[in-house]
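Structural overview
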Amino acid sequence: MSDDTLPADAAPPAPAPPPVAPVTPASTVRPLSCPNCGGIVNVRAQGLTVSVLCEHCGSTLDATRPDLQVIARANEALKTPEIPLGTRGTLNGRVWEVVGYMERTDEEIGWAEYLLFNPYEGYAFLVDDGRRFSLGIMLDRLPTMGWGNAMQLDHQSFSRFGDTYPVRVTFVVGEFYWRVAVGETVDETDFVRPGTMLSCEVYQTERTWTRLDLLDWGVAETAFGIPARRREYSRPAPHEPS
C-alpha cells in the first residue's frame, strides 16, 4: 500500500467549513416612543444619556427609565436647529454626532450650543455665536492660577475676560448627560488667549471647565453640511485673534 492510499476503514476527510459572512454591527441608536405625544425618540448615547428633550413635542423625558417617563411638558413651540439632530461630521479627524441642541443667553447676546457625541471620545460642544464656531472639550484637569487674574493650562497663559456673568438656557432639544431645562442658569467666567478660551461654569456646588478652540472659517459648515458663513468682522468673539 502506497503512502497516499487510505485504509479501507479510514474515515473520509471532513468537509471544509462554509465561508463565514461578515458580521454587521448592530445600530447603537435606541428608538423609543415619547409617552406624551407618541413620537419616536432616538437615544444615541445609551447608558450615558440622563434626559431627552422630545423633538416632536418638547417634553423632557427621563432617559434612565426604560419607558422614558415624562419629567416636564413643553411650554413653547419647538425650533429646528440649523444642524439637525443625528447629523454626523468630522472635526480634527474625529467623527462627531449631534445629539443635543440648546440656546443660551447672558441677557445681552445669545448663542447656540450643539452637544456632540463620539462613543470613543465622549462628549464635546460645538458653539455657534452666529458668526463663527468653536469646538469645546471639557477639561479633565484644573487650570492653575497665574499672575494677577490669569490662568495657566499646558504652559499657556489665559487672561481673564470681564467679570463673572449669569448664563441662562432659553431653548433645548435632544439628549443630554445632565438634566438640562429651560431657565437653568449658571455663573460663567471666561479666560482667553488668541484662538482659545477657557470657560468656567458654576452651577450650585458643581464647577466645570471647558476649553473652546475657535475653528477656521467654513470648517464646521463643511463638516456638517450647512451653508458657509459670511466673513463679517463686527462683534468678534472674545477669543478671536485681532
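This text gives an overview of the structure that appears in the document. (Residues numbered from 1 in each chain as written. Predicted model: local features only at pLDDT ≥ 70, side-chain atom pairs only at ≥ 80, totals over all residues. Heavy atoms only, no water.)

Mapped onto the secondary structure, G146 falls in the loop between β11 (144-145) and β12 (151-153). Along the primary structure G146 and S159 are separated by 13 residues, whereas in three dimensions their C-alpha atoms are 9.1 Å apart. (Helix = DSSP H or I, 4+ residues; strand = E, 2+ residues; numbered from the N terminus.)

One pass over the structure, following the stated rule, counts two cavities of 30 Å³ or more. When its volume is computed, the largest cavity comes out at roughly 60 Å³. Residue lining of the largest cavity: I40, V41, N42, R44, V52, L53, C54, E55, L85, V99, G174 and E175, and that is the complete set. Of all the secondary structure elements, the ones that give two or more residues to the lining of the largest cavity are β2 (40-43), β3 (51-53) and β13 (156-176). Counting residues per element, the lining of the largest cavity draws most heavily on β2, at three residues. Each residue belonging to the lining of the largest cavity can be placed in one class, and the counts come to seven nonpolar, two polar and three charged. Approximately 40 Å³ is the volume found for the second largest cavity. (1 Å grid on protein atoms, 1.4 Å probe; cavity = no way out; pocket = protein on both sides within 12 Å on 5 of 7 lines; lining within 4 Å. Points joined across faces, edges and corners; volume = space filled by probe spheres on them. Nonpolar A, V, L, I, M, F, W, Y, C, P; charged D, E, K, R; others polar.)

Here we come to the side chain of S51. By the secondary structure assignment, S51 is in strand β3. Residue S51 is classed as buried on the basis of its relative accessible area of 1%. Separated by 3.0 Å, the side chain of S51 and the backbone oxygen of W178 make a polar contact. Aside from chain neighbours lying at most four places away, what touches S51 is T60, L61, A63, G174, E175, F176, W178, R179 and V180. (Buried < 20%, exposed > 50% of the residue type's maximum accessible area, 1.4 Å probe, protein only. Polar contact = N/O pair within 3.5 Å; in protein donor to acceptor, adjacent residues only side chain to side chain. Contact = heavy atoms within 4.5 Å.)

This part takes up unusual backbone geometry. Positive phi outside glycine occurs at E107, with the angle close to 75°. As for its placement among the helices and strands, E107 is situated in the loop between β7 (94-105) and β8 (110-118). Its identity as a non-glycine residue notwithstanding, H155 has a phi of 65°, on the positive side. Considering the arrangement of structural elements, one finds H155 in the loop between β12 and β13. Looking at H155, the relative accessible area reads 84%, which means it is exposed.

This paragraph deals with the pairing of strand β14 (residues 185-193). Here β13 runs beside β14; their pairing, made up of seven bridges, is antiparallel. Its bridge partner being in β14, V167 is matched across the sheet by V186. When β14 meets strand β15 (residues 196-203), the two strands line up antiparallel, connected through seven bridges. Bridging across to β15, R193 finds its partner in T196. Counted along the chain from β14 to the antiparallel partner β15, the turn is two residues long, and its residue G195 has a positive phi close to 90°. (Pairing = 2+ DSSP bridges.)

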